[in-house]
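Residue-level listing of the chains:
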Amino acid sequence: MFISIKRADRFESYEVHLENPTLLEALTHIKTTLDSTLSFSSGCRSSVCGSCSMRVNEREVLACAYKVEDGDKIEPLRNVPIIRDLVVNMDEAYSRNAQAKAWLEKSSSDVALSDEDEKINALASDCILCGSCYSACPVYAVNDQFMGPFALTRVWKYVSDKREGAQAEKVTHIQQSGVWDCTLCNECSVVCPQSISSKADIEKLRMKSAEFGFMDPSFGSFGGGFDGSPTF
């Protein structure tokens, strides 16, 4: 089979003679037998570390899990700086966690959690920081101040935690470049290898924002009243 890999400003084609390989196996074969200059990232080979995320046919995947097909076009993740070939710098994307204050801020140690309490944010805890959601996000592509999918998912993880004593502060902090900037397109959820829906988490954060008296700031640009009366 033949696959094409984006290198700098061009695609290079390689013929791979392997039976039903994963993309990571194919890339390793190319590097060890055909082109030692090819660069890519990998770690656990078990869909746990997230380091081998890249794009195949314009869709984000984990190379260690994706099965190669003839004619596949391989590219690095979008919206992050490319270091070389398929290797990208995720530092800026990871910094969104700090921007969003995505951590437990005021822990109440005397709060007991039930099994149901733990289930509320169990899925959000499964994020492997692969960056696929950031690569797929159309808002992050045009607004580099947007907190982004996995940072907001992590905020929901702590806002929904009964031990968090600073819910109001955390919700207030994500009003700008946060929950209202998302278009709810669901691209992040579609590509997540852990089946986390950042879209759903952001919707929950919007509901929580409403509980604290916040609303979508774009509503203020509509003019008139909600009763249909004109504005003069």
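Structure first, text after, so check above.
Note that this is a predicted model, so its numbers are computed, not measured.

(A) Quick look at helix α1 (residues 23–34). Taking 1.5 Å of rise per residue, 12 residues should cover 16 Å, and α1 covers 15 Å from first to last C-alpha, within 8% of that figure. Within α1 the residues assigned to the buried category are L23, L24, A26, L27 and I30. The buried residues of α1 occupy an angular sector of 165° when projected down its axis, which confines them to one face. Those residues of α1 hidden inside the fold are in contact with β1 (2–7), β2 (10–15), β3 (53–56) and β5 (73–75).

(B) Summary view of the sheet that holds strand β4 (residues 59–62). If you trace the five strands from one edge of the open sheet to the other, you get β2-β1-β5-β3-β4, paired in mixed fashion. Of all the strands in the sheet, the pair left with one neighbour each is β2 and β4. Taken pair by pair, the neighbouring strands of this sheet meet at an average axis angle of 35°, ignoring direction. Summarising the sheet, β3 and β5 pair through two bridges and their orientation is antiparallel. Within the sheet, the bridge partner assigned to V56 lies in β5 and is I74. Against the sheet, α1 touches β1, β2, β3 and β5, its axis set at about 80° to β1.

(C) Region of interest: the pairing of β2. Across six bridges, β1 lies against β2 in antiparallel orientation. Along β2, the bridge assignment pairs K6 with F11. Hairpin connection of β1 to β2: two residues between the antiparallel strands, including A8 at a positive phi of 60°.

About the thresholds
- Residues numbered from 1 in each chain as written.
- Predicted model: local features only at pLDDT ≥ 70, side-chain atom pairs only at ≥ 80, totals over all residues.
- Heavy atoms only, no water.
- Helix = DSSP H or I, 4+ residues; strand = E, 2+ residues; numbered from the N terminus.
- Expected span 1.5 Å × (residues − 1).
- Buried < 20%, exposed > 50% of the residue type's maximum accessible area, 1.4 Å probe, protein only.
- Arc of directions from axis to C-beta.
- Contact = heavy atoms within 4.5 Å.
- Pairing = 2+ DSSP bridges.
- Axes fitted to C-alpha atoms, helices over the stretch in contact; angles between N-to-C directions.

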